[in-house]
Structure formats: structure tokens, C-alpha cells
Amino acid sequence: MLRFDIITIFPDYFRLIFDYGIVRRARAGSLIEINTHDLRGWTQNRHRTVDDRPFGGGDGMILKPEPVFAAVEDLTGARQRSELKNETRVVLLSPQGCVFDQKLAAELSEAEQIVLICGRYEGVDERVAERLTTDEISIGDYVLSGGEAAAAILVDAIVRLVPGALGSETSAINESFSEGLLDYPHYTRPPDFRGSRVPDILLGGNHAEVAQWRRRAALRKTKRNRPDLLERIVLSETEKAWLDEEGIGDES
Ligand code: SAM
């Protein structure tokens, strides 16, 4: 079972967020366990202070190292990174981290324990990243007020990749990024909505034609929205020719 331990000063933030859909089902089926922990539980002072002013001056407050190290030690048994078990990942959510993607989600889904440290204010004392964490992860090139939303996103993306979490094992295989492309467009009834028709091939029932249409549509959508992804995958000659023929933005 994969166990998540989330360290935060706002544990209530997570009260409902893991009670829906696939994450809820994975918890109910004991595929995963999610525990949230109040960082203030590891403070030693009467006011349960977790932050302090930055050395060198400047705005804002910094989360202190002592409660974060104490929390991780209690949750993993390790005082620092070098003592962690191979199957344990300790992740600091940070805009300075490497950007989270499907490949990293797949790697993390193989862990036995993932500790997620949510920063607040101006961030977390750098000794946490230097000595304690296995990963420093950002969810994108923008700054959030805290790591909680980022932690929830990591949990969701990772849980989908835990074997048995999705109804059908093929669902994750066909999704965006799994083969380096975006997903193909999906349609359901009605076949004609306000004059906009579902492509005829999808209504015809010829599986080979449908598969080819989907591959080509996935390539078209990737070229339009994420051309950077196309530079990282190997395409067949036919696929290259399709892309050359495609007018960007023409979805029909
Ligand atoms: N001073 C920091 C900087 O400029 O890099 C920003 C600190 S931010 C206001 C407070 C906390 O939010 C961070 O410590 C981190 O835990 C979280 N956070 C903000 N943006 C994030 C992102 N893009 N990905 C992951 N966590 C983020």
C-alpha cells in the first residue's frame, strides 16, 4: 500500500478533497492511505510558532527547519535524507523545484511512502531541501500562496497510476502524456449538437479507422496546443506526413 503523509499548517484544507472519485475509491480499497499532519504538532514553544524572519533581511516569514525535520523523523524514522529507505520519498513543494509531469508521477507511484511538505509564507528554510528531501517539486511556473494545492495535485496524479486504482488498466495507458502526446478528442451523444457534428468515422464502427483517426487527431491537437511535446517523440513517416498536411486549429 502506498502511504501519503502531508505536513501542513492547514490540515483542514484537505478535509474533503480526497473524498471524491478515484482517490476516494483507492482509499476505500486500501490501495493507498492519506494522512495529514499539523506541523504545529512538532513545535516546542507555547505559541506553537513554526516561522521566523529571514536572515539577511527581506519581506515575509520562513518556515523553520526544526519542526519540519522533527515531523519527517517521526513519520519516516530518518533524521536526514541519507537515512531514508529507498522506498520513501520526501517531497518539498516549491516553485523552485523541477516541474511535475506524468513521468515523475509514474516514478512516485512506485514508492511505499511519500511525505509531502507544504510550504507557506516566503517558503521553507533551505536546509530542508539541502539535507532532508529526496525531491523538490513545482507544479508549474507560477507562485501559489502555499503548497497545499500542489500537494493535492500530486496525490491525485500519482494515485491514478497505482495499479488497480482506475477501473480499467487501459485507461491510464490511453491518457494524455502516457505516449508523449495529448489525448485524442472524445465525443458522446448527441451526434449533432447545434450543427456541430461528431466525425463520421467515429459513428461508423470500423475499429481500424477509428484508431487511425484518433492517432491523427491526437497529433493534430498536440501540434496545436503543445508543439514542444512533438520534439521529444519518434514519429513514423506517415505521422510526419499527417502533421505536414494539418492546418492548425482545423479540428474537423
Ligand atoms: N518565495 C518563494 C519563491 O519565490 O520561490 C515562494 C513561496 S510561496 C508564496 C509559498 C509556498 O507555496 C512555497 O513554499 C511552496 O510550498 C508553495 N508553492 C508556491 N508555488 C508553488 C508551485 N508552483 N509549485 C509547488 N509549490 C508551490
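For clarity, every value in this text was computed on a predicted model and none was experimentally measured.

Cut-offs and rules
- Residues numbered from 1 in each chain as written.
- Predicted model: local features only at pLDDT ≥ 70, side-chain atom pairs only at ≥ 80, totals over all residues.
- Heavy atoms only, no water.
- Pairing = 2+ DSSP bridges.
- Helix = DSSP H or I, 4+ residues; strand = E, 2+ residues; numbered from the N terminus.
- Axes fitted to C-alpha atoms, helices over the stretch in contact; angles between N-to-C directions.
- Contact = heavy atoms within 4.5 Å.
- 1 Å grid on protein atoms, 1.4 Å probe; cavity = no way out; pocket = protein on both sides within 12 Å on 5 of 7 lines; lining within 4 Å.
- Points joined across faces, edges and corners; volume = space filled by probe spheres on them.
- Nonpolar A, V, L, I, M, F, W, Y, C, P; charged D, E, K, R; others polar.
- Domains from an automatic or database assignment.
- Core = buried A, V, L, I, M, F, W, Y, C linked by side-chain atoms within 4.5 Å.
- Buried < 20%, exposed > 50% of the residue type's maximum accessible area, 1.4 Å probe, protein only.
- Right-handed = clockwise from strand over helix to strand, strands pointing away.
- Salt bridge = Lys/Arg side-chain N within 4 Å of Asp/Glu carboxyl O.
- Near = heavy atom within 4 Å.
- Polar contact = N/O pair within 3.5 Å; in protein donor to acceptor, adjacent residues only side chain to side chain.
- Areas by Shrake-Rupley, 256 points an atom, 1.4 Å probe, with all protein chains shown as cover.
- Sits in = over half its atoms within 2 Å of the grid points.

**Observations regarding the sheet that holds strand S6 (residues 113-117)**
Taken together, five strands build an open sheet; the order of strands is S2-S1-S6-S5-S7 and the sheet is parallel. Bordering the open sheet on either side are strand S2 (32-38) and strand S7 (135-138), each of which pairs with just one other strand. On average, each strand axis in the sheet is inclined to that of its neighbour by 30 degrees, with strand direction left out of account. Bridge count between strand S5 (residues 88-99) and S6: five bridges; the pairing is parallel. In the sheet register, valine 90 faces S6, and the bridge partner there is valine 115. Running at roughly 165 degrees to S6, helix H2 (residues 65-76) makes contact with strand S1 (2-8), S2, S5 and S6 of the sheet.

**Things to note about unusual backbone geometry**
Residue arginine 189 is joined to proline 190 through a cis peptide bond whose omega torsion reads 5 degrees. Locating proline 190 in the fold gives a position in the loop between helix H6 (170-173) and strand S8 (192-193). Of note in this structure, phenylalanine 177 is not a glycine but carries a positive phi near 80 degrees. Positive phi, close to 50 degrees, is recorded for arginine 194, a residue that is not glycine. Relative to the elements of secondary structure, arginine 194 occurs in the loop between S8 and strand S9 (196-197).

**Things to note about the layout of surface pockets**
The computed volume of the largest pocket comes to approximately 570 Å³. Taken together, 18 residues form the lining of the largest pocket, with Asp101, Gln102, Lys103, Phe177 and Leu229 sitting closest to its centre. The element contributing the most residues to the lining of the largest pocket is helix H3 (residues 102-108), with three residues. The residue makeup of the lining of the largest pocket, split by class, is nine nonpolar, three polar and six charged. A domain split of the lining of the largest pocket shows at least three residues from each of domain 1 (2-159) and domain 2 (176-244). Its volume calculated, the second largest pocket comes out at about 470 Å³. Taken together, 27 residues make up the lining of the second largest pocket; nearest its centre are Leu93, Ser94, Pro95, Glu122 and Gly123. If you list the elements that add at least two residues to the lining of the second largest pocket, you get S5 and S7. For the lining of the second largest pocket, the leading source of residues is S5, giving five residues. Looking at side-chain class alone, the lining of the second largest pocket contains 13 nonpolar, nine polar and five charged residues.

**A short note on the domain arrangement of the protein chain**
By convention, interface size is frequently given as the accessible area that disappears when the constituent parts associate. Along its sequence, the protein chain is carved into domain 1 (2-159) and domain 2 (176-244). One C-alpha centre belongs to domain 1, the other to domain 2; they are set 37 Å apart.

**So, the nonpolar core**
Residues Phe4 and Leu116 are the most contacted members of the largest nonpolar core, which totals 31 residues. When residues of this core are traced back to their parent elements, those giving at least two are S1, helix H1 (21-28), S2, S5, H3, S6 and helix H5 (148-159). Considering every element that reaches this core, the biggest residue donor is H5, with eight residues. For leucine 116, the residues in contact, after removing those within four places along its chain, are Phe4, Asp5, Ile6, Ile7, Val91, Leu93, Ala151, Leu154 and Val155.

**Thoughts on the pairing of S6**
Burial within S6 is extensive, with five of its five residues counted as buried. The two faces of S6 match: Gln113, Val115 and Ile117 on one face and Ile114 and Leu116 on the other face are all buried. As a crossover connection, the stretch from S5 through H3 into S6 is right-handed.

**So, the pattern of salt bridges**
Summed over all chains, the structure comprises 18 salt bridges. Between glutamate 66 and lysine 64 there is a salt bridge whose closest N-O contact spans 3.6 Å. A salt bridge links aspartate 125 to arginine 127; its shortest N-O distance comes to 2.7 Å. Judged by relative accessible area, which is 15%, aspartate 125 ranks as buried.

**Describing the site of the ligand**
In the vicinity of the ligand, 20 residues are found, and the nearest of them are Leu93, Gln96, Gly119, Glu122 and Tyr142. Glutamine 96 places a polar side-chain atom, nitrogen or oxygen, 2.8 Å from an oxygen atom of the ligand. Here isoleucine 139 contributes a backbone N or O atom positioned 3.0 Å from a nitrogen atom of the ligand. For the ligand, whose unbound accessible area comes to 580 Å², protein coverage reaches 86%. When each cavity is represented as a set of grid points, the ligand is found to reside in the second largest pocket. Here the shell around the ligand takes four residues from S5, the largest share from any one element.

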